[in-house]
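Notes for the structure review
Listed below, chain by chain, are the residues.
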Amino acid sequence: MPTPVTLTIEDVQGDANILLKIIKIAGQLDESNVDEEAKKVYELIEQNPSKLNLILDLEELEYMNSKSIGYLTDWYGKVYENGGKVIIAKAKPNILDILEVVGLTQLIKNFPTVEEAKAGLSQ
Amino acid sequence: MNSEHKKEKNTEKPIEITISLPTQAYFVAGVRDFTLSLIKNTTDFSEQWAYRFQSVVDELCNNAIEFGSKQGDSIKITFIVIEKESIEIQVEDNGTGANKLKAAEIEKLIKERAGKEFSLHEIRGRGLAKIVLEWTDELTFTDKPEGGIIVKVKKYLTDIKTKELKQSMSLAGDQTHIVL
């Protein structure tokens, strides 16, 4: 019985030269559900092996554990290796706090809005 | 209501609560919620620290389930709260898990992991070595004679208050200097 969480992937139409997907995560990512949810992101990365850009919309994410942070760093590594970027948007203070303590905020930027995150992709 | 609550909060006697949990990850979510409420409602720790301790408890419980007690067994979590002084949390497993480790082995692992930068491809290893170690003042592992481990963490409120006070004095000092 997993803790309730939803992970949805949204296509973003716009600049034809930029392949952008927004991943919205709502609820709590923990030991009971993170392995299953992570598979969706790995499938997305496999289907889009080159120059994939990801914005993680974390506005409704209430909790994430160390394993979910591990997956996040792994996604970042895979996307970055293939010329893409990973950016976080709208993370709550407790989420930013845990990302900071493991040093991830040095790698992945957080923006207060999705629009600013989109603009951040070109920085 | 407020005055009664205040009277209760001012007691010097520690609040001690013990929870026994089946070794299923799903049940840890309930302990996280409980941790958040307990710290917010019975201590002087800030909301930020309530969330931090939610993570600390989660990581300790997951560790005990993964390495300490087999499926169908249980783990024990004890909270000892002294309102204006500290919070202590003990997580105890039974040493029945297939991946069980001795206290010394876990301490060695943490020392190895705490000092190094994590590769992007490492999924595991941040829980105890980064989150728990960074957000607690004391972290000890003790082997139980009958098998299993007791992990004990403690955070002192006084250290946080002293740091906050020093920080605010330092800021105030800077402001005065600028004004002058």
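Residues numbered from 1 in each chain as written. Chains lettered and ligands numbered in written order. Predicted model: local features only at pLDDT ≥ 70, side-chain atom pairs only at ≥ 80, totals over all residues.

Comments concerning the sheet that holds strand β5 (residues 149-156) of chain B
The strands that make up a sheet pair up through hydrogen bonds in the backbone, lying either parallel or antiparallel. Residue and element names in this part refer to chain B. Stated precisely, the cut-off is as follows: Any two strands with at least two DSSP-identified bridges between them are counted as paired. Secondary structure elements are defined from DSSP: runs of H or I of at least 4 residues count as helices, runs of E of at least 2 residues count as strands, and each element is numbered from the N terminus. Where helices are involved, their axes are fitted lines through C-alpha atoms of the stretch in contact, as for all axes, and angles between N-to-C directions lie from 0 to 180°. By definition, residues are in contact whenever their C-beta atoms, placed on the basis of the backbone, come within 7 Å of each other.
Ordered in space as β1-β2-β3-β5-β4, the 5 strands form an open sheet in which the pairing is antiparallel. Of all the strands in the sheet, just β1 (15-22) and β4 (138-143) have a single pairing partner and so form its edges. Going from strand to strand, the sheet's axes swing by 15 degrees on average, the running direction of each strand aside. Strand direction decides the pairing type here: β1 and strand β2 (residues 74-82), joined by 8 bridges, are antiparallel. Along β2, the bridge assignment pairs Glu-16 with Ile-80. Seen against the sheet, helix α2 (residues 25-42) touches β1, β2 and β3 (86-92) and runs at an angle of roughly 170 degrees to β1.

Some points on the confidence of the model for chain B
All names here are of chain B. Under the convention used in this document: Note: pLDDT gives the predictor's confidence per residue, expressed from 0 to 100.
Here chain B shows a mean pLDDT of 86. Residues at 70 or above account for 84%. Residue range residues 1-7 is modelled with pLDDT below 50. Its contacts to residues more than four positions away, or to other chains, number 0 contacts. Quick note on the complex model: pTM equals 0.89, ipTM equals 0.94.

What about the interface of chain B and chain A?
Chain B puts 23 residues into the contact, and the matching count from chain A is 23 residues. Looking at the side of chain B that touches chain A, the elements that each hand over two or more residues are α2, α3 (47-68) and α5 (127-134) of chain B.

Some thoughts on the nonpolar core
Where we set the bar: Nonpolar cores are identified as sets of buried Ala, Val, Leu, Ile, Met, Phe, Trp, Tyr and Cys residues joined via C-beta atoms within 7 Å. Remark: C-beta atoms are placed from the backbone, and a residue is labelled buried if 20 or more other C-beta atoms sit within 10 Å of its own, exposed if 12 or fewer do, or partly exposed between those counts.
Judged by nonpolar contacts, the single largest core of 61 residues is most densely connected at B:Val56, B:Leu60, B:Cys61 and B:Ile89. Ranked by the residues each element gives to this core, the list is headed by α3(B), at 8 residues.

Some words on the pairing of β5(B)
Residue and element names in this part refer to chain B. Covered by surrounding structure in β5 are Ile-149, Val-151, Val-153 and Lys-155 only, the residues Ile-150, Lys-152, Lys-154 and Tyr-156 on the alternate face being uncovered. Pairing of β4 with β5, which is carried by 6 bridges, proceeds in the antiparallel orientation. Bridging from a neighbouring strand, Thr-142 pairs with Ile-150 of β5. Where β4 folds back onto β5 in an antiparallel hairpin, the turn is made up of 5 residues, including Gly-147, whose phi is positive at roughly 110 degrees.

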